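Read off the chains here:
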Amino acid sequence: MGRQNHLFTLSLMVAVVAVQLTLSKPFQKGQDCDHERCKLPDCRCWNDGNPPGNSSQPPLMVMLSFEYAFTEGNVDNYLTLFDGIVNPNGCKGKGTFFVQKLNSETKALKKIIEGKHELAVNSANGIIPNNVQEWKDSIKSVLDRLEEVGVPGKKIKGIRSPQLFCGGNDQFKAMQEMGLLYDSSNVNVQQSAAGNLLWPYTLDNITDTPPCSIGKNINESFPGIWEIPVPVLDVTGFQCPTPSGCPFANTSDTVFALFYKAFQDHLSGKMEPFTIDIDSMWVTKAFARTGTKSFLEVLGAVYPNVYLVSMSDALSWIQNPDMDMDKFGCDKEELKLKELKNSLLVKSEKVVRNFG
């Protein structure tokens, strides 16, 4: 009965989100932001449509993200999506898991950690906080839970609010006090197609920044805090923030087409990072898992400059776009292995030269 109630609540949430999206206000690119003062690594204007840095071929970063409670019963449905997915530099694809404290199980969280994925904050119990103190308490409860499974609070960088409901000034004040770097809750119906997608930006200058379609908008600036927007998926004119809300994505083929069309919009634009929000209903469906996995496999097989990375890794590249791509998105163990392989390669080449 508990699971049925949970699924009913999620279904209702998806329906409400779809309705709210139709009420969102459009935004226009080109509004003023002081580009001379707002510089990387700690500031980026929301209307700076150009990729960071000087590269003529920036990576297209795909960020697969999940939220709510992670249990032994559902965690493998998420993690199997990454099986066999390898980025162009040889490191494994990774995602971001926004944790709800209530019902998240230790063994499931440790599986996510073992996969080298990013853990971030969702909420204490799935309920939207009402003020700064409630936001702080909610964030702290998740940080404390993650500390219990071996992840220090200082390593937790991001938050996605419950039900993709933007928490306004209260949420961002709490984020600042709790030391979080980024939010990924802003859904806007205008962010759905090539030419209107956005790179992540900071909230130093909030004049004319894209409003949230769901929840409360901020009216104060929060210097150095990043927003990683959630683009809306578009299926034959029906827009939805999560694939579960797209009624026409009901076979593995239509699921693949849903993601691939959205990906092409990013690829044909200015390589804006592609945030995908996967909710717990989605991974219960075999056709949804198959279509999603097929999409990820095609990215790895066909596109030499596409990386499946966590949100914190994506932000690291945005803040430092001249980084060594051979190390991008790699964990310490992967880097050690790469160094060992390179060392052995150098030694073998010397042996060949000596006996040549």
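Coordinates for the structure precede this section.
Residues numbered from 1 in each chain as written. Predicted model: local features only at pLDDT ≥ 70, side-chain atom pairs only at ≥ 80, totals over all residues. Heavy atoms only, no water.

Visitor: Please explain unusual backbone geometry as it appears in this structure.
Guide: Both trends apply: most residues other than glycine have a negative phi, and most peptide bonds are in trans. Going from Leu-40 to Pro-41, the amide bond is cis rather than trans, its omega being 15°. Within the secondary structure, Pro-41 sits in the loop between helix 1 (2-21) and strand 1 (60-68). Non-glycine residue Asn-103 carries a positive phi angle of around 75°. Following the sequence through the fold, Asn-103 ends up in the loop between strand 2 (96-100) and helix 3 (106-114). Even without being glycine, Met-271 reaches a positive phi, approximately 60°. When you line up the elements, Met-271 lands in the loop between helix 6 (252-268) and strand 14 (274-278). (Helix = DSSP H or I, 4+ residues; strand = E, 2+ residues; numbered from the N terminus.)

Visitor: Just to check I follow, could you spell out the environment of Trp-226 for this structure?
Guide: With respect to the element layout, Trp-226 can be found in strand 10 (residues 222-227). In the structure, Trp-226 is positioned 44 residues away from Tyr-182 in sequence and 4.4 Å away in space, judged by C-alpha atoms. With near-sequence residues (within four places) excluded, Trp-226 lies in contact with Leu-40, Pro-41, Arg-44, Leu-181, Tyr-182, Asp-183, Pro-200, Tyr-201, Thr-202, Leu-315, Ile-318 and Gln-319. (Contact = heavy atoms within 4.5 Å.)

Visitor: Before we go on, may I ask you to explain the pairing of strand 3 (residues 118-123) in this structure?
Guide: As a general feature of sheets, a regular strand has side chains that alternate between the two faces. Buried residues dominate strand 3, accounting for 6 of its 6 residues. When strand 2 meets strand 3, the two strands line up parallel, connected through 5 bridges. Each residue of the ladder has a partner; that of Phe-97, found in strand 3, is Leu-119. For the handedness criterion, the β-α-β arrangement of strand 2, helix 3 and strand 3 is classed as right-handed. (Buried < 20%, exposed > 50% of the residue type's maximum accessible area, 1.4 Å probe, protein only. Pairing = 2+ DSSP bridges. Right-handed = clockwise from strand over helix to strand, strands pointing away.)

Visitor: I keep staring at the packing of helix 6 against helix 7 (residues 286-302) and nothing clicks. Help me out?
Guide: Helices that pack against each other are described as a pair by the angle of their axes relative to one another and the distance between those axes. Contact pair helix 6 / helix 7: the axes reach a minimum separation of 7 Å and the direction vectors enclose 40°. Comparing the axis directions of helix 6 and helix 7 gives the class oblique. The hand of the helix 6/helix 7 crossing is right-handed. Facing helix 6, whose interface residues are Ser-252, Val-255, Phe-256, Phe-259, Tyr-260 and Phe-263, helix 7 presents Phe-287, Ala-288, Thr-290, Gly-291, Thr-292, Ser-294, Phe-295, Val-298 and Leu-299. Of the residues contributing to the contact of helix 6 with helix 7, the split by class is 10 nonpolar, 5 polar and no charged. (Axes fitted to C-alpha atoms, helices over the stretch in contact; angles between N-to-C directions. Parallel < 35°, antiparallel > 145°, perpendicular 65-115°, else oblique. Left-handed = near helix turned anticlockwise from the far one by under 90°. Nonpolar A, V, L, I, M, F, W, Y, C, P; charged D, E, K, R; others polar.)

By themselves, these figures tell us nothing about what the structure is for.
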